[in-house]
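Structural description and commentary
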Amino acid sequence: MEDKSRGSEVDRASAVLARMAATGHVLGCGEGWFPLISELDRQLANLDPAYGLFRVGRVDGALVFDAKPSVPELAAQFSALIYVTARRASAVCEVCGGDGELRTIHGLAEVLCAAHQAAAERAESRRLVGRKPMGMVSDQVP
Ligand SMILES: [Zn+2]
């Protein structure tokens with residue numbers, strides 16, 4: 001007997017991964033969104049077990065879930081469920097799944113909680129410090 005109610009979020013995301021592997025795609029967002037994605041997958045699979053999933057990722061900080069029902073009659077329900085999930089994702093830290101909001105850190109838009117925003121800013125500034133000083137070392141300077 002299998003207990004389907006248990007298992008980690010990553011295990012549950014594996015159903016999504018398997019569906020995407022069938023079309024040769026990969027999951028393009030952080031683990032904090034996996035629970036939302038797994039739940040959406042279950043909702044869509046309940047409506048249409050044979051639905052096609054072409055892309056899961058983040059574009060400009062927003063969750064993108066490109067799924068197509070096997071029958072066109074379900075398109076409106078699919079759109080509605082995906083819309084609701086994307087709205088929820090806009091307030092969920094993409095790293096840890098905690099309360100987050102859309103932040104832009106050095107030009108990259110992500111939904112992050114305060115702690116992960118701080119971590120991302122520190123990581124980014126370390127990366128900047130590691131580079132050659134801007135304007136001081138350049139092949140273009142005469
Ligand atoms: Zn976080």
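Keep in mind it's a predicted model, so treat the numbers as computed, not measured. (Residues numbered from 1 in each chain as written. Predicted model: local features only at pLDDT ≥ 70, side-chain atom pairs only at ≥ 80, totals over all residues. Heavy atoms only, no water.)

Overview of the environment of Gly100
One can find Gly100 in the loop between helix H3 (75-89) and strand E4 (101-105). The spacing of Gly100 and Ala89 is eleven residues in sequence and 8.8 Å in space, taken between C-alpha atoms. With sequence-adjacent residues up to four places away left out, Gly100 is seen in contact with Ser90, Ala91, Val92, Cys93, Val111, Leu112 and Cys113. (Helix = DSSP H or I, 4+ residues; strand = E, 2+ residues; numbered from the N terminus. Contact = heavy atoms within 4.5 Å.)

Description of the packing of aromatic side chains
The final tally for this structure, using the stated rule, is one aromatic pair. A centroid spacing of 5.5 Å and a plane angle of 75° characterise the contact between Tyr51 and Phe78, whose relative ring orientation is edge-to-face. On the criterion of sequence distance, the pair formed by Tyr51 in the loop between helix H2 (34-47) and strand E2 (52-59) and Phe78 in helix H3 is long-range, its members being 27 residues apart. Each member of the pair, Tyr51 together with Phe78, is buried. (Phe/Tyr/Trp six-rings, centres within 6.5 Å; stacked < 30°, edge-to-face > 60°. Buried < 20%, exposed > 50% of the residue type's maximum accessible area, 1.4 Å probe, protein only.)

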